[in-house]
Amino acid sequence: MSLTGLPLLILLAVLTAAGFVAVVRFWPRLAGHGPRALIGRVGALAVAQVLLLATVLAAANNYFGFYGSWHDLVSVATGNYAASAPAPLGAAQNGSGITVNSHSTLPIPGGADPARGGRLDDVTIRGQLTGLSAHALIYLPPQYFQAGYRKTLFPTVIVSSGYPGDVTKLVTLLRYPARLVDGINAGQDKPMVLVMMSPMIISGRDTECTDVAGGGPRAGEFWAMDVTSAVERTYRVNSDASGWGLVGDSTGGYCALKLAMLNSDRFSAAASLSGYFGALQDGTTGDLYGGDPVFRQENDLLWRIEHLPSPPIAALLTTSRAGETNYGPTLQFVRDAKPPMRVSTLIRASGGHNFNTWNAEVPAALQWLSSHLIPAAG
Amino acid sequence: MGITSKLFLVTLGLLALAACGLAIWLWPRLAGRGRRPVAGRIGLLLTTQVALLITVAALTNDLFGFYTSWSDLFGVGSQRYQLKDSGVVQPNVNASQLQGGSTATPASQSSSKPGASPKATMVSTTLVGLRSGITAGLQVFLPPEYYAPADGRRYYPAIVVDDTSDPGVATLASDLMSGKQRPPQAVVVIVRGDHHHNIPCVNEPNAASAEQFWGQDLRTAVADSYRVRLSPAAWGVMGGGPGDGGDCAIALALEDAGRYSAAAVFGRWQRFGAPGSPADPAWWLRNYPAPPSRLLFAATGEPPQAILGPVRPPLQVMSTPGPTSESQTLDWLAQTLQNGAPQS
């Protein structure tokens with residue numbers, strides 16, 4: 001039974017209800033005196049509570065899309081992260097590195113016609129350089145299918161969810177593609193291709209888009225080099241840095257800013273929604289830096305901006321004065337950034353680290369990205 | 001009372017505990033038959049469950065900092081924001097890394113007669129690396145056809161010659177310009193140190209600035225100034241002699257294969273990297289998929305198998321039986337890149 005979806009939710013709800021009824025029904029049997037009856041009551045309350053909690057957690061996971069499979073969950077619980085199987089040798093050399101699993105369209109008025117609503121490709125990206133692979137959703141805007149744009153090489157944005165996060169929620173919850181269409185129709189956004197992914201490219205593991213030390217997965221290289229080159233080989237996109245941007249929330253925001261800072265020959269703009277700056281390491285990341293303090297420092301974006309030259313990129317950092325812990329660090333980053341880097345900010349009076357905040361910021365981030373990225377003539 | 005205030009969380013916790021205590025204490029009194037005791041059980045059980053659930057939810061929220069105010073939770077807070085757009089990066093920022101420069105052409109060029117074949121160009125300039133902060137002297141060789149009108153839209157592969165630690169290749173520039181042999185159909189970029197510091201190599205530990213210099217600063221500066229594409233297929237690197245230029249060339253084509261697709265070592269070259277460390281090419285090839293790069297070992301010393309270990313496709317390795325001159329090595333790289341590089 002899958003971790004997400006109705007069957008598990010219904011099963012848990014039925015069990016919770018049954019547990020509740022059973023406690024009420026067999027209540028008198030635990031009404032006696034003595035320690036056994038007492039332990040029985042505590043046990044009955046505990047079982048009913050655990051069932052209820054499990055149901056609520058499953059429902060929340062369904063809605064927010066934290067973990068997509070039992071495998072992800074087990075990997076996190078055990079800290080035992082297996083890299084995805086390496087691609088067959090040489091197989092990707094002639095291919096594009098992208099396998100399209102299915103096409104779909106957006107549930108918006110007129111969306112069935114790609115020239116009006118664009119097209120969503122469910123794909124698997126296999127990295128030629130790193131051997132890693134990832135599930136991605138690639139959105140092609142309506143203009144991609146219009147005759148007037150037949151020779152346009154579109155700008156492209158890599159969109160990352162937070163950790164934990166499921167890629168489908170970028171379409172259904174944060175609604176990046178639908179919001180882009182709204183923005184294009186309102187004349188605020190230029191057409192762009194969206195490559196949507198989760199930082200969980202290794203089941204359950206939070207790699208923080210890092211080339212993990214000691215021979216670990218080269219997640220940073222995968223995002224910056226493998227994904228971009230596979231997309232360039234498959235779609236009509238501008239392969240110059242002026243055509244590539246990144247956006248993400250939370251961990252996805254940290255990834256967006258870090259990947260652009262470290263690969264400013266590949267990307268020219270990054271929007272970090274509620275992103276942090278520090279080089280995180282915890283139970284969900286496993287050992288990322290191999291105990292090397294210098295390498296860890298190089299992944300700390302505040303350290304980088306203070307001590308190293310600022311790269312030639314434009315960044316958009318979002319935070320709020322009340323509700324976000326990254327307010328102070330964001331101001332520090334803005335203060336320490338030097339030319340040629342350009343740092344824009346989106347600051348709210350209040351708003352926490354949640355989907356209400358990001359839902360409000362996605363349209364602004366898309367508009368900012370589309371004004372910083374340019375298409376090319378094919 | 002704030003959604004994350006101590007008072008709120010403690011109050012919730014106490015209420016939940018009280019509800020549980022009450023349930024256990026009142027349990028026997030509600031054990032009877034009939035409608036009222038059953039209704040009492042349902043009410044009591046529901047109360048404890050909801051109280052505990054809200055407590056757990058509030059503590060989790062506080063721990064992760066999802067919602068920090070009630071208005072945020074109910075989505076009724078102001079969605080207004082202030083966006084300060086600082087604009088885009090200067091478009092010519094990569095080309096601006098090349099500062100100053102003088103162009104040299106062979107003496108015969110000055111007395112060019114009508115119909116004379118075009119001559120090669122050598123530009124001496126300074127690269128001030130935007131990302132790495134590293135400054136280096138560059139000599140950029142442009143083949144004779146580069147400025148020919150008929151060739152005005154042709155793109156060339158680029159070959160980087162790592163001359164930062166090895167004075168042995170110092171003669172390459174004059175060899176290229178002497179016209180004694182057919183010049184390579186490539187833009188050749190000879191990288192010299194700044195006479196004060198060695199330019200680090202990508203296979204040194206914590207060589208972040210080296211990766212930024214060789215992989216990004218140098219490539220973007222050249223590609224934005226000359227007709228060279230940024231595609232890895234258009235880029236090769238070579239080094240040799242007693243310095244670590246050869247190690248660096250091999251390391252770039254293995255570790256940064258998304259930016260350099262070919263490398264060559266030449267002359268009397270001795271491997272530097274410690275075996276079994278991440279600086280060892282064999283360690284890299286054991287731990288990661290083989291990159292789609294092409295390597296030429298045209299040097300004395302260990303055979304490629306001893307340095308690389310087993311070679312798997314798509315990596316291709318060639319070797320020559322003895323040391324080869326830098327010009328021959330350059331030719332091999334130029335032809336190898338011609339075979340795979342986009343030309344227009």
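Please read all numbers here as calculations on a predicted model, not as lab measurements.

Within chain A one finds 13 helices and 11 strands. Its C-alpha atoms give chain A a radius of gyration of 23 Å, within 12% of the compact-globule value 21 Å for 378 residues. Referenced to the eigenvectors of the C-alpha coordinate spread, the extents of chain A come out at roughly 80 × 50 × 50 Å. Counting over 378 residues, chain A shows a buried share of 52%. For chain A, restricting intrachain contacts to residue pairs at least 6 apart in sequence, the fraction spanning at least 24 positions comes to 74%.

Moving on, we come to the overall build of chain B. Within chain B one finds 10 helices and 10 strands. For chain B, the residues scored as buried account for 42% of the 344 residues in total. In chain B, of all internal contacts separated by at least 6 residues, the share reaching a separation of at least 24 is 73%.

All right, on to the sheet that holds strand β2 (residues 119–126) of chain A then. If you trace the 10 strands from one edge of the open sheet to the other, you get β1(A)-β2(A)-β3(A)-β6(A)-β5(A)-β7(A)-β8(A)-β9(A)-β10(A)-β1(B), paired in mixed fashion. This sheet does not close on itself; its edge strands, each paired only once, are β1 (98–104) of chain A together with β1 (81–84) of chain B. Within the sheet, the average angular offset between the axes of one strand and its neighbour, ignoring direction, is 20°. With 5 bridges connecting them, strand β8 (residues 269–273) of chain A and strand β9 (residues 314–322) of chain A associate as parallel partners. By the bridge assignment, Ala270 of chain A is partnered in β9 of chain A with Ala315 of chain A. Strands β2, β3 (133–140), β5 (156–160) and β6 (193–197) of chain A of the sheet are contacted by helix α7 (residues 176–185) of chain A, whose axis makes an angle of about 160° with β6 of chain A.

Quick look at the environment of Trp358 of chain A now. Relative to the assigned elements, Trp358 of chain A resides in helix α13 (residues 355–372). Beyond its immediate chain neighbours, meaning those up to four positions away, Trp358 of chain A contacts Leu174, Asp249, Leu273 and Ser274 of chain A.

Okay, the interface of chain B and chain A next. One frequent convention defines the size of an interface as the accessible area lost when the parts assemble. Opposite the 58 residues of chain B that make contact, chain A presents 62 residues. Every element with two or more residues in the side of chain B that touches chain A is listed here: α1 (6–26), α2 (35–64), β1 and α6 (208–225) of chain B. Sorting elements by how many residues they give to the side of chain B that touches chain A places α2 of chain B first, with 9 residues. Within the side of chain B that touches chain A, the residues separate by chemical class into 31 nonpolar, 20 polar and 7 charged. When strand β10 (residues 342–350) of chain A meets β1 of chain B, the two strands line up antiparallel, connected through 4 bridges. Following the sheet pairing, Leu346 of chain A is matched in β1 of chain B by Leu83 of chain B.

Residues in a regular strand point their side chains to alternate faces of the sheet. Residues and elements named next belong to chain A. Sheet analysis places β1 next to β2, joined by 6 bridges and oriented antiparallel. If you follow Ile98 over to β2, its bridge partner there is Ile125. Sheet topology note: the β2/β3 ladder contains 8 bridges and is antiparallel. Across the sheet, residue Val123 finds its bridge partner in β3, namely Ala136. Between β2 and the antiparallel strand that follows it, β3, lie 6 residues; Gly131 among them carries a positive phi value of about 75°.

For chain B, the domain assignment lists domain 1 (6–73) and domain 2 (95–105 + 118–340). Taking only C-alpha atoms, the centre of domain 1 of chain B and the centre of domain 2 of chain B are 69 Å apart.

Moving on to the packing of helix α1 (residues 6–25) of chain A against α2 of chain B. Contact geometry for α1 of chain A and α2 of chain B: axes closest at 10 Å, N-to-C directions at 135°. Classed by the angle they form, the pair α1 of chain A and α2 of chain B counts as oblique. Crossing of α1 of chain A over α2 of chain B shows right-handed handedness. Mapping the contact onto sequence places Phe20, Val23 and Val24 of chain A in α1 of chain A and Val38, Arg41, Ile42 and Leu45 of chain B in α2 of chain B.

Another aspect to go through is unusual backbone geometry. When glycine is set aside, most residues are seen to have a negative phi, and most peptide bonds are trans. Here the residue pair Tyr163 of chain A and Pro164 of chain A is connected by a cis peptide bond, since its omega of -10° sits within 30 degrees of zero. The residue Pro164 of chain A is located in the loop between β5 and α6 (169–172) in this model. Following Pro313 of chain B, the chain continues to Pro314 of chain B via a peptide bond in cis, the omega torsion being 10°. In this structure, Pro314 of chain B sits in the loop between α9 (304–308) and β10 (316–319). The phi torsion at Cys209 of chain A lies on the positive side, around 50°, for a residue other than glycine. Checked against the element boundaries, Cys209 of chain A lands in the loop between β6 and α8 (219–234). Overall, Cys209 of chain A belongs to the buried group, with 27 C-beta atoms counted inside 10 Å. The phi torsion at Ser250 of chain A lies on the positive side, around 60°, for a residue other than glycine.

All names here are of chain B. A residue-level look at chain B finds 90% of positions with pLDDT of 70 or above and a mean pLDDT of 85. Averaged pLDDT values over the elements of chain B bottom out at 45 in helix α4 (residues 107–110) and peak at 95 in α1. Across residues 107–112 the pLDDT falls below 50, and counting only partners more than four positions away or on other chains, this stretch makes 2 contacts in the model. The complex prediction reports pTM at 0.92, with the ipTM value standing at 0.90.

Residue and element names in this part refer to chain A. Among the residues of helix α3 (residues 70–78), those classed as buried are Asp72, Ser75 and Val76. Each buried residue of α3 sits inside an arc of 95° when the element is viewed along its axis, so together they form one side. Within α3, the exposed residues directed more than 90 degrees away from the buried face are Ala77 and Thr78. Looking at the residues trailing α3, positive phi occurs at Gly79, about 70°.

With that out of the way, let us pick up the nonpolar core. Judged by nonpolar contacts, the single largest core of 154 residues is most densely connected at Met196 of chain A together with Val189 of chain B. With sequence-adjacent residues up to four places away left out, Met196 of chain A is seen in contact with Ala136, Leu137, Tyr139, Val159, Val167, Leu170, Val171 and Tyr176 of chain A. Counting 18 residues, the second-largest nonpolar core is a separate cluster that includes Ala48 of chain A together with Ala16, Ala23 and Leu30 of chain B.

Residues and elements named next belong to chain A. Contact geometry for α8 and helix α9 (residues 251–262): axes closest at 10 Å, N-to-C directions at 70°. The angle between the axes of α8 and α9 places the two elements in the roughly perpendicular class. Contacts between α8 and α9 pair Gly220, Trp223 and Ala224 from the former with Cys255, Leu259 and Leu262 from the latter. Of the residues belonging to the contact of α8 with α9, the class tally is 5 nonpolar, 1 polar and no charged.

Before going further, it helps to spend a moment on the environment of Arg80 of chain B. Residue position: Arg80 of chain B is located in the loop between α3 (70–73) and β1. Between the alpha carbons of Arg80 of chain B and Ile250 of chain B there is a distance of 53 Å; along the sequence they are 170 residues apart.

As a further point, take helix α2 (residues 35–64) of chain A. Under the 1.5 Å per step criterion, the end-to-end length of α2 of chain A is 43 Å for 30 residues, consistent within 8% with the ideal 44 Å. Inspection of α2 of chain A places Arg41, Ala44, Leu45, Ala48, Leu51, Leu52 and Thr55 of chain A among the buried residues, and these make up the whole buried set. Here the buried face of α2 of chain A lies against α1 of chain A together with α1 and α2 of chain B. Positive backbone phi, at 70°, marks Gly65 of chain A, one or two positions downstream of α2 of chain A.

Of the residues in chain A, 97% have a pLDDT of 70 or more, and the chain-wide mean is 92. Here residues 85–94 of chain A scores under 50 on pLDDT; set against residues more than four positions off or in separate chains, the count is 17 contacts.

Reading guide: rules and limits
Residues numbered from 1 in each chain as written. Chains lettered and ligands numbered in written order. Predicted model: local features only at pLDDT ≥ 70, side-chain atom pairs only at ≥ 80, totals over all residues. Helix = DSSP H or I, 4+ residues; strand = E, 2+ residues; numbered from the N terminus. Rg over C-alpha atoms; globule rule 2.2 N^0.38 Å. Buried ≥ 20, exposed ≤ 12 C-beta atoms within 10 Å, placed from the backbone. Contact = placed C-beta atoms within 7 Å. Pairing = 2+ DSSP bridges. Axes fitted to C-alpha atoms, helices over the stretch in contact; angles between N-to-C directions. Nonpolar A, V, L, I, M, F, W, Y, C, P; charged D, E, K, R; others polar. Domains from an automatic or database assignment. Parallel < 35°, antiparallel > 145°, perpendicular 65-115°, else oblique. Left-handed = near helix turned anticlockwise from the far one by under 90°. pLDDT = per-residue confidence, 0-100. Arc of directions from axis to C-beta. Core = buried A, V, L, I, M, F, W, Y, C linked by C-beta atoms within 7 Å. Expected span 1.5 Å × (residues − 1).

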